[in-house]
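# Topology and contacts: notes
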Amino acid sequence: MTLAFLILAVLTVAGGVAAMTLRRLVHCALALTVAFAGLAALYLNLGAEFAGLAQLLVYVGAIAILIVFAILLTHGGESDPEKVFSPAGIAGGVIALAVFAVLGWAVTTSSVAHGWGAGAAAQTSAPQTSVREIGLTLMQRYVLPLEVIALMLTAAMIGAVILAWREKRSVDPGAPSAPPSPELRV
Amino acid sequence: MNPLAGCLLVSALLFSVGLAGALTRRSAILVLAGIELMLNAANLNFIAFWRFGPHPEALTGFIFVIFSIAVAAAEAAVGLALILAIYRHARTSDVSEITEMKG
């Protein structure tokens, strides 16, 4: 485990913790972006350049912006900053701690931590993967999942547009010429 | 501790943080962000097993991460559109105040 890995791991986890504990939603979105960028750097550190850059492009570039848009469109500042945790928050925290305890126990006591990874740890250089190889693998062996993903992205786009469409019927069905009420304009 | 176990521990920590956020926060947007963090923790596991596994040239975990990122992007888009629709209807994005499914 190198120093770079440790720094990136601390940065990522700190970003995640800050995203889940800060009170203002915009600050949370910023911390989440830090966590995503740290993860992208971790992928690069592990030798997965293509996945790291895709992570940077999709998460830091698109999803973070999407989350900021959603926060601003739902007036994220108006929620009471004193009440950010739900009434059952303590139970949720305990459940998360228990999950971490089980996962940590499983990782540290399994053969992965001692025997199985020991041979692989000797192999210090990252496996060489070119984008050409990735493209060939995607287009030959995994071409069916690729098409399914393409279909799913199309369906998701149509679904998101339909969901975010303005509800026209809820304005006033009796008076079609009445102007839409201002609170429906989002 | 070898690098694989380190990766797995970081990933477990990130998953727990995301789970805690999804279970404890009131804002629906942050619940979605917690779910995204959990997905990312799983992706880190795939990359770690691909990197330190016996057959990295098969690219299995790597391709899985690419697909997983695509699924997460679709999920975030639909989820945020759902939150916007709920906000327009119920005038709140607080998950503990949205208590009825009837429109």
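Further up the page is the structure itself.
Residues numbered from 1 in each chain as written. Chains lettered and ligands numbered in written order. Predicted model: local features only at pLDDT ≥ 70, side-chain atom pairs only at ≥ 80, totals over all residues. Heavy atoms only, no water.

Proximity of charged atoms lets side chains of opposite charge pair with each other. All names here are of chain B. This model, assessed by the stated rule, comprises one salt bridge over all chains. Asp 94 serves as the salt-bridge partner of Arg 26, at 3.1 Å between the closest nitrogen and oxygen. Of this pair, Arg 26 sits in the loop between helix H1 (3–24) and helix H2 (28–52) while Asp 94 sits in the segment after helix H3 (60–90); the two residues are 68 residues apart in sequence, bridging distant segments of the chain. Classification of Asp 94 as buried rests on a relative accessible area of 13%. (Salt bridge = Lys/Arg side-chain N within 4 Å of Asp/Glu carboxyl O. Helix = DSSP H or I, 4+ residues; strand = E, 2+ residues; numbered from the N terminus. Buried < 20%, exposed > 50% of the residue type's maximum accessible area, 1.4 Å probe, protein only.)

Turning our eyes to something else, we now look at unusual backbone geometry. All names here are of chain B. Despite not being glycine, Leu 59 shows a phi value in the positive range, around 65°. Positive phi, normally seen in glycine, also occurs at Arg 91, with a value near 60°. Tracing the sequence through the fold places Arg 91 in the segment after H3.

Here we take up the nonpolar core. A:Ile67, B:Leu37, B:Ile47 and B:Phe62 are the most contacted members of the largest nonpolar core, which has 62 residues in total. Listed by contribution, the elements that provide at least two residues to this core are helix H1 (3–21), helix H2 (25–45), helix H3 (49–73) and helix H6 (131–140) of chain A together with H1, H2 and H3 of chain B. A total of twelve residues in this core trace back to one element, the largest contributor, which is H2(B). Taken domain by domain, this core gets at least three of its residues from each of domain 1 (1–78) and domain 2 (127–166) of chain A. The contacts of A:Ile67, once residues within four sequence positions are left out, are A:Ala29, A:Leu32, B:Ile29 and B:Leu80. Counting five residues, the second-largest nonpolar core is a separate cluster that includes B:Leu19, B:Ala22, B:Val31 and B:Met38. (Core = buried A, V, L, I, M, F, W, Y, C linked by side-chain atoms within 4.5 Å. Domains from an automatic or database assignment. Contact = heavy atoms within 4.5 Å.)

A common way to report how large an interface is uses the accessible area buried once the components associate. The interface is formed by 88 residues belonging to chain A together with 70 residues belonging to chain B. Of the roughly 6900 Å² buried at the junction of chain A and chain B (both faces included), carbon and sulfur atoms supply 77%. For the pair chain A and chain B, the number of links is zero salt bridges. Contributions of two or more residues to the side of chain A that touches chain B are made by H1, H2, H3, helix H4 (89–109), helix H5 (111–122), H6 and helix H7 (143–164) of chain A. (Buried area = accessible area lost by both parts, 1.4 Å probe.)

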